Amino acid sequence: MLAAAVATAAASTVALLPSQAQAAGSVHLYRVYYDSPGSDTRSNSSLNSEWVQIKNSTSSSVQLKGYTLRDMTGYKFTFPSYRISAGKTVKVHTGRGSQSAGHVYWGRGSYVWNNDRDTVTLRTASGAFRDSCSYNSTRADSKMC
């Protein structure tokens, strides 16, 4: 009987850990829009319709300068100086544009994210792993991470 009570208590503790981690918050991948609408024309508008969204679920702002996004091929985006406020998101668009609140631009003239499968990896400025998000579908244009 005591062993069962200990096992139940241990299981309850393990089950609480993810909630506690989520409550603490993190900077993480939120959504990947990997197949821009319409034909892939390589126009800047089409390129900018392909993006990765990052969310700051912490209670304070975070400086993203030096953070990186990478795909399976090895294409890499390095964040310029950009401060993401608590609870906010930022989209990293593939094409060119002017940085503004919630938007930064990679400046590429070709697509990065495969339309069928890929993995997005987010690392800190020091290179520490932060998050990843994989997709494997042509039935959708985006994935919530």
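Calculation rules
- Residues numbered from 1 in each chain as written.
- Predicted model: local features only at pLDDT ≥ 70, side-chain atom pairs only at ≥ 80, totals over all residues.
- Heavy atoms only, no water.
- Pairing = 2+ DSSP bridges.
- Helix = DSSP H or I, 4+ residues; strand = E, 2+ residues; numbered from the N terminus.
- Axes fitted to C-alpha atoms, helices over the stretch in contact; angles between N-to-C directions.
- Buried < 20%, exposed > 50% of the residue type's maximum accessible area, 1.4 Å probe, protein only.

(A) Region of the structure containing the sheet that holds strand 5 (residues 76–78). Read from one edge to the other, the open sheet built from four strands follows the order 5-4-9-10, with strand pairing classed as antiparallel. One side of each edge strand has no neighbouring strand; the edge strands of this open sheet are strand 5 and strand 10 (129–136). With strand direction ignored, the average angle separating the axes of adjacent strands in the sheet is 15°.

(B) Region of interest: the pairing of strand 9 (residues 117–123). Most of strand 9 is tucked away: five of the seven residues are buried. Taken together, the three bridges between strand 4 (residues 68–70) and strand 9 define a ladder with antiparallel strand orientation. Note that in strand 9 the partner of L69 across the bridge is L122. Strand direction decides the pairing type here: strand 9 and strand 10, joined by seven bridges, are antiparallel. Across the sheet, the residue bridging to T119 is S134, located in strand 10. The antiparallel hairpin formed by strand 9 and strand 10 contains five residues in its connecting segment, where G127 sits at a positive phi of about 95°.

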